[in-house]
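This is what each chain is made of:
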Amino acid sequence: MIRAAIFDLDGVIVDTAKYHYRAWRRLARELGFEFTEQDNERLKGVSRGRSLEILLEVGGFGKEGAFSDVQRQQMADRKNGWYVEYVSGMTPAEILPGAVEFLREVREDGVRTALGSASKNTGIILDRLKIGGLFDAVVDGTMVSRTKPDPEVFLTCASMLGGGILPTECVVFEDAEAGVRAARAGGMHCVGIGSSETLREAELVVSGFAGVSWKGVKNQLNTVR
Ligand code: B16
Ligand code: MG
């Protein structure tokens, strides 16, 4: 039986990837190189620090010692400043189609809901979208020490929901490969949001929540189990 549904934020509830991309590209341009949308795919679900490492590798600054730790921290802070500026202008209209309806259906079915995101900006985004009340627990990048594909964020969600919910009683909704792997590593069910080509380890993949019902998802999870 599924007792908890855990949702990733970026790419599942809202498309913040475009704002992350805009801010990382701005940093790359300052450093004198182009960071493409395709390069940006590698940053989805990945922590801020690791994202910077990947960006610097793409720009040919991958070698140890290319920048000091202090310089790297300053770059990450600059990127985050721009990102926060962009997301501060967001409105509930940017919630991905069908997400709110889906969350409501899950809750009406007596299933607990949690948000499990790698982002340290989760609080600002939830405030802007005005959907904090749809989650019984929120775990973000400020509360865990190990990032996806480690399952820590999702296991913390399950324990914060209380009631002794087991990982096998949770389903995670994720758009990133690292997130799908985290869910599976934690022994949870996982529904991929995106394409089945990239999210191979998910039990079920849907392109988004539009037209998707919780009842339908639940039935399909029962058949693949
Ligand atoms: P921040 P999620 C992740 O959020 C994003 O997918 C990823 O691109 C980003 O680098 C990461 O959060 C950290 O975000 O810089 O705001 O702390 O998909 O786990 O909700
Ligand atoms: Mg995501």
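Heads up: the structure comes first, above all this text.
In this text the structure is predicted, and so the values were computed from the model without any measurement.

Observations regarding helix H1 (residues 17-31)
Working step 1: Counted at 1.5 Å a residue, the expected span for H1 with its 15 residues is 21 Å, and the 21 Å between its end C-alpha atoms agrees.
Working step 2: For H1, the full list of buried residues reads Ala-17, Tyr-19, His-20, Tyr-21, Ala-23, Trp-24, Leu-27 and Ala-28.
Working step 3: Next to the buried residues of H1 lie helix H2 (37-41), helix H3 (48-58) and helix H4 (69-87).
Working step 4: Directly beyond the C-terminal end of H1, a positive phi value near 95 degrees is found at Gly-32.

Side note on unusual backbone geometry
Working step 1: Here the bond from Lys-148 into Pro-149 is cis, since omega is 15 degrees, no more than 30 degrees from zero.
Working step 2: Residue Lys-130 is not a glycine yet carries a positive backbone phi of 55 degrees.
Working step 3: By secondary structure assignment, the location of Lys-130 is in the loop between helix H6 (122-129) and strand S3 (137-139).

Some details on the environment of Met-90
Working step 1: Relative to the helices and strands, Met-90 resides in the loop between H4 and helix H5 (99-108).
Working step 2: Judged by its relative accessible area of 0%, Met-90 falls in the buried class.
Working step 3: Each C-alpha atom, one on Met-90 and one on Ile-124, is 9.8 Å from the other, the two residues being 34 residues apart in sequence.

Overview of the site of ligand 1
Working step 1: Taken together, 17 residues lie around ligand 1, and Val-46, Ser-117, Ser-119, Lys-120 and Asn-121 are the ones closest in.
Working step 2: Contact distances for ligand 1 include 2.8 Å between an oxygen atom and a side-chain N or O atom of Asp-8.
Working step 3: The side chain of Asp-10 places a nitrogen or oxygen atom 2.8 Å from an oxygen atom of ligand 1.
Working step 4: For ligand 1, whose free accessible area comes to 470 Å², the fraction covered by protein is 97%.
Working step 5: Taken together, the residues that form the shell around ligand 1 break down as 5 nonpolar, 6 polar and 6 charged.

Analysis parameters
Residues numbered from 1 in each chain as written. Chains lettered and ligands numbered in written order. Predicted model: local features only at pLDDT ≥ 70, side-chain atom pairs only at ≥ 80, totals over all residues. Heavy atoms only, no water. Helix = DSSP H or I, 4+ residues; strand = E, 2+ residues; numbered from the N terminus. Expected span 1.5 Å × (residues − 1). Buried < 20%, exposed > 50% of the residue type's maximum accessible area, 1.4 Å probe, protein only. Contact = heavy atoms within 4.5 Å. Near = heavy atom within 4 Å. Polar contact = N/O pair within 3.5 Å; in protein donor to acceptor, adjacent residues only side chain to side chain. Areas by Shrake-Rupley, 256 points an atom, 1.4 Å probe, with all protein chains shown as cover. Nonpolar A, V, L, I, M, F, W, Y, C, P; charged D, E, K, R; others polar.

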